[in-house]
Amino acid sequence: MTTLLKSAPPLAHDRVVMDYDQRLMRRKLLTTQGGREFLVDLPSVTNLDDYWGFQVDGLNIEIVPAPESVLVITGDLTRLAWHIGNRHTPCQIHADRLVIREDHVLERMLQGLGATIRRESLPFKPEGGAYGHGRTMGHSHGDDHSHDEAAQFGWHHHGDGQMHFHAPKGAK
């Protein structure tokens, strides 16, 4: 039997390392760093960022965020955070920097807004949803919504169901 643990028990017996996408699950066979396999079978899709780990057959298994390719952003953080949030992009917020997963389109947009960006490999744990829990999901406009007028301002599709911004040629 597998149980989710909200807080750290006195002893961790093993750990499972997962990236941001992997930490959102309902049912999956996981393997710990020590080679133990266990099945996670939750009643609904669950954001594991809200939990310390699992208890499996009396063993405590810690959830550890894996390093990922991220962009560390500095500059006018309030303005930059607004633009990142306006794109429904998960963002880790610190007093002196913002962190998002690597995205070449957003990188160019943020540089165009005056951001300084450096690439790093770090565990990614963005802010929760609007009410302090859950996940921020990218949004799709669907196939039935036309964005022809948006293209003249630099917005277009990359075929992934989302709109992206590229500054029009000659724009500063």
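Below: a short report on this structure. (Residues numbered from 1 in each chain as written. Predicted model: local features only at pLDDT ≥ 70, side-chain atom pairs only at ≥ 80, totals over all residues. Heavy atoms only, no water.)

**Comments concerning the nonpolar core**
The criterion, for reference: Among the buried residues, those of types Ala, Val, Leu, Ile, Met, Phe, Trp, Tyr and Cys that are joined through side-chain atoms within 4.5 Å form a nonpolar core. A 1.4 Å probe rolled over the protein chains alone gives each residue an accessible area, and that area as a share of the maximum for its type sets the label: buried under 20%, exposed over 50%, partly exposed in between. What counts as a helix is a DSSP run of H or I of at least four residues, what counts as a strand is a run of E of at least two, and both are numbered from the N terminus. Working rule for contacts: check all heavy atoms of both residues, and any pair within 4.5 Å makes them a contact.
Core analysis: the largest hydrophobic core is formed by 14 residues, its most contacted members being Ile73, Leu80, Ile84, Leu98, Ile100 and Leu110. For this core, the secondary structure elements donating two or more residues are strand E7 (67–74), helix H1 (77–86), strand E9 (98–101) and helix H2 (104–112). If sequence neighbours within four positions are ignored, Ile100 has contacts with Val70, Leu71, Ile73, Ile84, Thr89, Pro90, Cys91, Leu106, Leu110 and Phe124. Counting twelve residues, the second largest nonpolar core, distinct from the first, contains Met25, Leu42, Leu48 and Ile63.

**Describing the packing of aromatic side chains**
Quick reminder of the rule: The pairing test for Phe, Tyr and Trp rings, Trp by its six-membered ring, is centres within 6.5 Å, and the orientation test on the planes gives stacked under 30 degrees, edge-to-face over 60, and tilted for anything in between. Look at NZ for Lys and CZ for Arg. If either is within 6 Å of the ring centre and within 35 degrees of the ring normal, a charge sits over the ring.
Under the defined criterion, the tally for this structure stands at two aromatic pairs. Here the aromatic rings of Tyr20 and Phe124 are separated by 5.3 Å at their centres, their planes lie at 75°, and the arrangement is edge-to-face. On the criterion of sequence distance, the pair formed by Tyr20 in the loop between strand E2 (14–18) and strand E3 (24–31) and Phe124 in the loop between strand E10 (116–123) and helix H3 (148–151) is long-range, its members being 104 residues apart. For the residue pair Tyr20 and Phe124, the accessibility class agrees, reading buried in each case. Across the ring face of Tyr51, the terminal group of Lys6 is positioned such that the distance to the ring centre comes to 4.7 Å.

**Focus on the environment of Ala115**
As for its position among the elements, Ala115 is in the loop between H2 and E10. Given the relative accessible area of 10%, Ala115 is considered buried. The residues contacting Ala115, other than those within four sequence positions of it, are Ile73, Thr74, Leu80 and Leu110.

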